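Okay, here's what each chain looks like letter by letter:
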Amino acid sequence: MVFRPDLSWEFKSADEIESRSIRAVRNHVKHLLESSPWYKNTLHGFDSNEIASLDDIKKLPFTTKDQLADHMEQFRAVSSELAVETVVTSGSTGRPLLFWMTANDLERLAYNEALSFHGAGVTAYDRAQVMVSLDRMFIAGMAYYRGLTTLGANTMRVGVQSFEMQKNYLDLMRPTVLVGVPSFLRKFGQKLCDSGFDSSESTIKKIVCIGETIRDSSMQLNGVGRILEDIFGADVYSTYGNTELSVAYCECTAKSGGHAHPELVYTEIVNDAGNVLPDGEVGELVCTTLGVEGVPLLRYRTGDLTFKISEQCTCGRNSVRIGPILGRKSQLIKLRGTTVYPATILSALNELDCITDYMIIIEGDDSLSDHVVLHVVAHATHVARISEHLRAAARVNFPVLVSNQATLNGYRGDAAKKIHIIDKRSRR
Ligand SMILES: [Zn+2]
């Protein structure tokens, strides 16, 4: 698929996008019935022509992560000779899942990321330093690389490397765009400042942030987002995606929500009962992965909490946007009768430069409160400051224990992703 942003659906009218989405979901279901063993079984007897409106889409069954984990082979809709790449989920929420991708899936992924970076204002004139993992079978780094090169940006696959190596390429190539994880970029930026970095002389104009939120639910930058803007003197943008979706929701230059690419994904937000929620109400992100060949999914419940915005963006796009990811639905924390989004706590902790690493352990629950303990790699003299900051920034109050890096690494075990929450509660 050659990158042609003018062919994107996003600038079509909302009505046009809706009618195209209905047709696209109908074709997707037809494809599932023909190719996917799982959906041939679960949709048996369903006629894709029954999908004539958005309400009809609501009648289709959801797909859950547990179903994927238990029946992965049945979800593969192509034979193995058509798969040209296998990617793996990060394993932060369970056992790793192996996703097959066809050549067309890789092209679709590149188109998706090219659209995302294009929306954030990245062009062929940019030089982009990609500071995330490009190996270990993860999709993210590969997706950014393919998207940026499809867009024509000069792309530096630095990956996750030492401070010295990152700085070396920064000095040699003078990138205009950085792509990375906010907490990593904050530490990198602070070390840069210690070595004399001056943002007024920097070429960096944009930072595309992945994996952690940089905004609160009112779309304002959180502490880490503000720190990144201050350190680098650059605009920060958030992008969200995951392996199962092969799609990204990336902020445009208006920075008011991540745009869906409606030709690639049909987006819904649902409550616990599975009812579709209106704009602004927080619920679980549900995605139908249009056009995927290897492991196409129908109404996939991502487990991630956010909200939807349907009104036209000031950038002119009419594609649905999603707000910041507020946490995983299964990791909502209950403290004295109120619900706390994990992202709020993680964001508050990521602001503190006195913490090297941390782990939130949710140890159990009763009817009113979960029992939460925070383990930090920090000097003992900073514990009071950490507690005070959590009370002020996240309105939470729980024990803070000084730990060491080896203990935290032990908690993570083989998890491929650097997890910061361990949930020992019985599954609710
Ligand atoms: Zn926009």
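Everything numeric in this text was worked out from a predicted model, so none of it was measured. (Residues numbered from 1 in each chain as written. Predicted model: local features only at pLDDT ≥ 70, side-chain atom pairs only at ≥ 80, totals over all residues. Heavy atoms only, no water.)

## Details of the domain arrangement of the protein
Basically, it comes down to this: For the purposes of this description, domain bounds are those given by an automatic or database domain assignment. Accessible-area loss on putting two parts together, using a 1.4 Å probe and summing over both, is the definition of buried area adopted here. For this document, the term salt bridge refers to a Lys or Arg side-chain nitrogen within 4 Å of an Asp or Glu carboxyl oxygen. By the criterion applied in these results, polar contacts are pairs of N or O atoms within 3.5 Å in which, for protein atoms, one can donate a hydrogen and the other can accept it, and in which residues neighboring in sequence qualify only through two side-chain atoms. The way it works is that DSSP assigns letters per residue, a run of H or I at least four long becomes a helix, a run of E at least two long becomes a strand, and they are numbered from the N terminus. In this classification, the charged set is Asp, Glu, Lys and Arg, the nonpolar set is Ala, Val, Leu, Ile, Met, Phe, Trp, Tyr, Cys and Pro, and all remaining amino acids, among them Gly, are polar.
Domain boundaries in the protein define domain 1 (1-326) and domain 2 (332-423). The C-alpha-based centres of domain 1 and domain 2 are spaced at 27 Å. Between domain 1 and domain 2 the total buried area reaches about 1300 Å² when both faces are included, carbon and sulfur atoms providing 53% of it. At the junction of domain 1 and domain 2, the tally comes to zero salt bridges. Along the contact surface separating domain 1 from domain 2 lie eight residue pairs in polar contact (both at pLDDT 80 or more). Mapped onto the side of domain 1 that touches domain 2, the elements with two or more residues apiece are α9 (182-194) and α10 (223-232). Top contributing element to the side of domain 1 that touches domain 2 by residue count: α9, with four residues. Residue composition of the side of domain 1 that touches domain 2, by class: seven nonpolar, eight polar and four charged.

## What to know about the sheet that holds strand β11 (residues 283-289)
For the record, the criterion: Here the rule is simple: two strands pair whenever DSSP picks up at least two bridges between them.
A sheet is described by the order of its strands in space; here four strands give the open sequence β10-β11-β12-β15, paired in antiparallel fashion. For this open sheet the edge positions go to β10 (265-270) and β15 (327-328), each flanked by a neighbour on one side alone. Alignment of β10 against β11, held across six bridges, turns out to be antiparallel. Residue pairing for β11: T267 is matched across the bridge by C287.

## As for the coordination of the zinc ion
How we decide: Think of the donor list as every N, O and S atom within 2.8 Å of the metal, or within 3.2 Å for Na, K and Ca; water never makes the list, so a site can look incomplete. Labels for metal geometry use angle windows, namely 85 to 135 degrees for all angles of a four-donor tetrahedral site, and for square planar (four donors) or octahedral (six donors) sites opposite donors over 155 degrees apart plus all others within 65 to 115; sites meeting none of these are irregular. Burial classes follow relative accessibility: with a 1.4 Å probe on protein chains only, a residue under 20% of its type's maximum area counts as buried, one over 50% as exposed, and anything between as partly exposed.
The protein atoms that coordinate the zinc ion are C252 (SG), H259 (NE2), C313 (SG) and C315 (SG), at distances spanning 2.1 to 2.3 Å. Coordination geometry of the zinc ion: the four donor atoms subtend angles of 103 to 114° at the metal centre, consistent with an arrangement described as tetrahedral. Considered as a linear motif, the donors of the zinc ion on their single chain read C-x6-H-x53-C-x1-C. Taken as a pair, C252 in the loop between β8 (247-251) and β9 (258-259) and C315 in the loop between β13 (308-309) and β14 (321-322) lie far apart in primary sequence, 63 residues in all. Accessibility expressed as a relative area gives 1% for C252, which makes it buried.

## Structural notes on the pattern of salt bridges
Inspection of every chain in the model, using the stated rule, returns 20 salt bridges. The shortest N-O distance in the salt bridge between K329 and D272 comes to 3.6 Å. Residue K329 is located in the loop between β15 and β16 (333-335), and its partner D272 is located in the loop between β10 and β11; the two are separated by 57 residues in the primary sequence. For D357, the salt bridge identified is with R412, shortest N-O distance 2.9 Å. Of the two residues, D357 is situated in strand β18 (residues 357-365) and R412 in helix α13 (residues 405-412); the sequence distance between them amounts to 55 residues. As far as burial versus exposure is concerned, D357 and R412 are alike and both buried. Here the residues in one salt-bridge network are D272, E284, R301 and K329, joined through shared partners.

## Topic: the pairing of strand β7 (residues 235-242)
Remember that side chains alternate between the two faces of the sheet whenever the strand is regular. Heads up, the rule is: Seen with the strands pointing away from the viewer, any crossover whose path from the first strand over the helix to the second strand runs clockwise is right-handed.
For β7, the tally of buried residues reaches six of eight residues, placing the bulk of the element in the interior. With five bridges connecting them, strand β6 (residues 206-210) and β7 associate as parallel partners. Directly across from V208, in β7, lies its bridge partner Y237. For the crossover from β6 across α10 to β7, the handedness is right-handed. Where β7 and β8 come together, four bridges link them in antiparallel fashion. Within the sheet, the bridge partner assigned to Y240 lies in β8 and is Y249. Here β7 folds back onto β8 in antiparallel fashion, the turn holding four residues, of which S246 has a positive phi close to 50°.

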